[in-house]
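Tertiary structure, described
Residue-level listing of the chains:
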Amino acid sequence: METTMTFEYAPAPESRAIVTIKPKYGHFIGGKFVPGGKHFPTINPATEEVLSQIALGGKADVDAAVKAARKAYANTWSKMSGKERGKYLYRIARIMQERAREFAVLETLDNGKPIRESRDTDIPLAAAHFFYHAGWADKLEYAGLGTSPKPLGVAGQIIPWNFPLLMLAWKVAPALAAGNTVVLKPAESTPLTALLFAEVCQQAELPAGVVNIVTGDGSTGALIVNHPGIDKIAFTGSTEVGKIIARAVAPTNKSVTLELGGKAANIVFDDAPIDETVEGIVNGIFFNQGHVCCAGSRLLLQENVAEEVLHKLKNRMEKIRVGDPMDKNTDVGAINSKEQLAKIIELAAVGDSEGAERWSPACTLPNKGFWFAPTIFTGVTQAHRIAREEIFGPVLSVLTFRTPAEAIEKANNTPFGLSAGIWSEKGSRTLWASQQLRAGVIWANTFNKFDPTSPFGGYKESGWGREGGRHGLSGYLKGVSHE
Ligand code: NDP
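Fair warning: this is a prediction, and the values are worked out from it, not measured in the lab.

Counting its regular elements, the protein contains 15 helices and 17 strands. For the protein, the C-alpha radius of gyration of 22 Å lies close to 23 Å, the compact-globule estimate for 483 residues. For the C-alpha atoms alone, the extent of the protein along its principal axes is close to 70 × 50 × 35 Å. Counting all 483 residues of the protein, 59% fall into the buried class. Pairs at least 24 apart in sequence give 75% of the contacts found in the protein among residues at least 6 apart.

Here we take up the site of the ligand. Around the ligand lies a shell of 26 residues, among which Ile 159, Trp 161, Ser 238, Gln 340 and Lys 343 are the nearest. In the model, a nitrogen atom of the ligand is placed 3.2 Å from a nitrogen or oxygen of the Gly 237 main chain. The separation between an oxygen atom of the ligand and a polar side-chain atom of Glu 390 is 3.2 Å. Here the ligand, which alone exposes 840 Å², has 85% of that area covered by the protein. Elements with a contribution of two residues or more to the shell around the ligand: α7 (218-225), β8 (232-236) and α11 (338-353). Of all the elements, α7 adds the most residues to the shell around the ligand, at four residues. Residues that form the shell around the ligand fall into these classes: 12 nonpolar, nine polar and five charged.

Along its sequence, the protein is carved into domain 1 (27-260 + 461-478) and domain 2 (265-452). Computed over C-alpha atoms only, the centres of domain 1 and domain 2 are separated by 29 Å. Taking both partners together, domain 1 and domain 2 bury about 2,800 Å²; carbon and sulfur atoms supply 60% of that area. The tally of links between domain 1 and domain 2 comes to one salt bridge. The interface formed by domain 1 and domain 2 holds 16 residue pairs in polar contact (both at pLDDT 80 or more) in total. Going through the elements one at a time, α3 (100-111) and α4 (115-136) are the ones with two or more residues in the side of domain 1 that touches domain 2. Of the residues forming the side of domain 1 that touches domain 2, the biggest block, nine residues, is contributed by α4. Classifying every residue of the side of domain 1 that touches domain 2 by side-chain character gives 14 nonpolar, 13 polar and nine charged.

Applying the stated criterion across every chain, the model contains 12 aromatic pairs. Measuring from ring centre to ring centre gives 6.4 Å for Tyr 132 and Trp 136, while their planes differ by 90°; the resulting arrangement is edge-to-face. Highlighted residues: Tyr 132 and Trp 136, both in helix α4, separated by four residues, approximately one helical turn. For the pair Tyr 132 and Trp 136, a shared accessibility class is recorded, and that class is buried. Centroid distance Phe 163 to Phe 287: 5.9 Å. Interplanar angle 35°. Geometry classified as tilted. With Phe 163 in the loop between β5 (154-158) and α5 (164-177) and Phe 287 in the loop between α9 (274-286) and β11 (298-302), this residue pair connects regions lying 124 residues apart in the sequence. The ring centre of Phe 33 lies 5.4 Å from the NZ or CZ of Lys 22, which sits over that ring. Above the face of the Tyr 476 ring, Lys 232 is positioned so that its terminal group lies 4.5 Å from the ring centre.

What follows is about the sheet that holds strand β16 (residues 441-444). Pairing in this open sheet of seven strands is mixed, and the strands run β12-β13-β14-β11-β10-β15-β16 from one edge to the other. The sheet is open, and its two edges are formed by β12 (357-359) and β16, each paired on a single side. In this sheet, neighbouring strand axes are inclined to one another by 20° on average, regardless of whether the strands run parallel or antiparallel. Against the sheet, helix α13 (residues 404-412) touches β10 (265-268), β11 and β14 (395-401), its axis set at about 170° to β11.

Moving on: the packing of helix α2 (residues 82-98) against α4. For the pair α2 and α4, the least separation of the axes is 8 Å and the interaxial angle reads 165°. Relative to α4, the element α2 lies roughly antiparallel. Seen along the crossing, α2 lies across α4 with a hand that is left-handed. Contact with α2, carried on its side by Gly 86, Leu 89, Tyr 90, Ile 92, Ala 93, Arg 94, Met 96 and Gln 97, involves Ile 123, Ala 126, Ala 127, Phe 130, Phe 131, His 133, Ala 134 and Gly 135 of α4 and no other residues of that element.

The rules behind these values
- Residues numbered from 1 in each chain as written.
- Predicted model: local features only at pLDDT ≥ 70, side-chain atom pairs only at ≥ 80, totals over all residues.
- Heavy atoms only, no water.
- Helix = DSSP H or I, 4+ residues; strand = E, 2+ residues; numbered from the N terminus.
- Rg over C-alpha atoms; globule rule 2.2 N^0.38 Å.
- Buried < 20%, exposed > 50% of the residue type's maximum accessible area, 1.4 Å probe, protein only.
- Contact = heavy atoms within 4.5 Å.
- Near = heavy atom within 4 Å.
- Polar contact = N/O pair within 3.5 Å; in protein donor to acceptor, adjacent residues only side chain to side chain.
- Areas by Shrake-Rupley, 256 points an atom, 1.4 Å probe, with all protein chains shown as cover.
- Nonpolar A, V, L, I, M, F, W, Y, C, P; charged D, E, K, R; others polar.
- Domains from an automatic or database assignment.
- Buried area = accessible area lost by both parts, 1.4 Å probe.
- Salt bridge = Lys/Arg side-chain N within 4 Å of Asp/Glu carboxyl O.
- Phe/Tyr/Trp six-rings, centres within 6.5 Å; stacked < 30°, edge-to-face > 60°.
- Lys NZ or Arg CZ within 6 Å of the ring centre and 35° of its normal.
- Pairing = 2+ DSSP bridges.
- Axes fitted to C-alpha atoms, helices over the stretch in contact; angles between N-to-C directions.
- Parallel < 35°, antiparallel > 145°, perpendicular 65-115°, else oblique.
- Left-handed = near helix turned anticlockwise from the far one by under 90°.

Written out as structure tokens, the structure is:
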């Protein structure tokens, strides 16, 4: 007999008193905050409250940042020993840990993700990336990447809004460890933790110009991509913009790494431990509101267990708590922006019109802010747009299969290849399936696990190169293969 228990939770709001948000921010160039020209608002997507005014970086700002980065590279950072560089990275990592609560609250306010996730995932992982790469700074000769690895120079780094501080850490930590200096642009809708990181650089007494942060929108990103003073572009974001960047750098000497979209298959075989699998499915698609490039957004269920899995999944989803991201009980927070919400609504409507069946648990969504209830679509076929396109929201498309070979065929039938999941109790089946899947990261009996030591990146339209681990370091060193 199935028993369900429901707990009543009293609200457990995290205080925002620990953060001081300035009414207006400039750019961080050459170790100092410098005033911007035009400004745009950054808002809390859970309430639509304007949090601050952010500088819109233009040509002069990008020029100044590249100049500062070049000077720091030539005069200081490239001349410093790896051991000394490592000390700065350790110092940054420790300060991030000390100020973790401040970072977590700020991230949740600006992004809309639950405080539990920013506190327990984003910020600890960001610090871990700095600790890990601090360890590499004086050991690059032993990384198997050549006997005397050399940095590339100035790296231009453009990051998205789904994991703002974590994506900054994925970019800045390896670049600095390898001896490069950086010009980084955070996403338009989530710049605040990058600006707090700039304060951490000051606190760590990082030499001026080693890290420069220019805020702005896509036009600022394009200025960085096209700047002749930049040696390497590292980008995370949509495949569409990734293609624009690939075209822009193709005729130049710039190195490039691209971490783009995905439409991961999460495959459940009939011997999978069903209860654990249901937890994994929920974590795979509803973590971070589904704003995850490697989200398990295509669930492939073996037909003979499909009914049982769906029944248990719907039961589990009835207990997901959607609402105030600052409440420590919240599982699913706000959608990051009005534009992203519109995209999710549009693609879900396409699912309806193409004949898939929509289901969401009963949940009351707040009146203000941007919200979308966790949703599953059943009866999805390979031809449906919701099976092919990245929705980047809390929406799961469910397909079925009869044989393992059919599962692999369907899983690989996508222009993407970032990640995949396998649920099975049989080691031999897991190994067989993981060898057939064309995806950069494959999880077995788990999902959305990240570690700085493990390379992350895609096949096909999911990107070029790897981030994290020894492989990620190679993207910031001269003459080393990027695959
Ligand atoms: P984008 O790819 O547009 O944004 C990623 C970053 O690139 C942002 O910092 C953005 O700036 C910047 N950018 C935008 N245009 C250019 C350009 N021409 N040259 C250089 N930099 C540029 O993603 P969006 O935020 O617009 O999201 C659109 C869709 O992309 C989502 O719905 C989702 O499907 C997907 N996405 C995938 C991500 C992933 O990790 N794979 C992450 C984010 C989005 P700004 O934000 O200021 O516009």
